[in-house]
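Structural overview
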Amino acid sequence: MYDWEEIGYDEEDNEIYVTIMYNLEWDEGDKSTGCPEGYMVDVESVTDEHGKPYDYNSYELRSWIETITEHHTN
């Protein structure tokens, strides 16, 4: 399991640091379906700077997965 630090937002829209715990797996892809090879990121948990669970939205999740994938690809 890996961790990644990112910025999230609390109920008042203030920036807070969050820690994303995730697993990473290489996927060979499937050329017959057009699915490319690459890393698959599976987010296990996200906690705020106080260690409490952070309630994230789908936009944040997509953004974090994209950023983490790019980090491991480069």
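Look up: the structure comes first, before these words.
This write-up is about the structure you can find in this document.

Let's talk about the pairing of strand β1 (residues 2–9)
The pairing of β1 with strand β2 (residues 15–27) spans eight bridges and is antiparallel. Bridged to Ile7 within β2 is Tyr17. Counted between consecutive antiparallel strands, the loop separating β1 from β2 contains five residues, among which Asp13 sits at a positive phi close to 70°.

Brief notes about the environment of Asn14
On the secondary structure map, Asn14 appears in the loop between β1 and β2. The class for Asn14 is partly exposed, based on a relative accessible area of 41%. Between the C-alpha atoms of Asn14 and Gly51, which are 37 residues apart in sequence, the distance is 17 Å. Here Asn14 is in contact with Gly8 and Tyr9, once residues within four sequence places are set aside.

Some remarks on the environment of Gly8
Mapping Gly8 onto the fold places it in strand β1. When its relative accessible area of 0% is taken as the criterion, Gly8 is described as buried. For Gly8 and Ser63, which are 55 residues apart along the polypeptide, the C-alpha to C-alpha distance reads 11 Å. Excluding anything up to four places from it in sequence, Gly8 contacts Asn14, Glu15, Ile16, Val18, Tyr54 and Glu60.

Description of the nonpolar core
If you look at the biggest cluster of nonpolar residues, it comprises eleven residues: Trp4, Ile16, Val18, Ile20, Tyr22, Val41, Val43, Val46, Tyr54, Trp64 and Ile68. If you list the elements that add at least two residues to this core, you get β2, β3 (38–48) and α1 (58–73). Beyond its immediate stretch of four places on either side in the chain, Trp4 contacts Val18, Thr19, Ile20, Tyr22, Thr67, Ile68 and His71.

How each quantity is defined
Residues numbered from 1 in each chain as written. Predicted model: local features only at pLDDT ≥ 70, side-chain atom pairs only at ≥ 80, totals over all residues. Heavy atoms only, no water. Pairing = 2+ DSSP bridges. Helix = DSSP H or I, 4+ residues; strand = E, 2+ residues; numbered from the N terminus. Buried < 20%, exposed > 50% of the residue type's maximum accessible area, 1.4 Å probe, protein only. Contact = heavy atoms within 4.5 Å. Core = buried A, V, L, I, M, F, W, Y, C linked by side-chain atoms within 4.5 Å.

Such coordinate-based values are descriptive only and should not be taken to indicate function.
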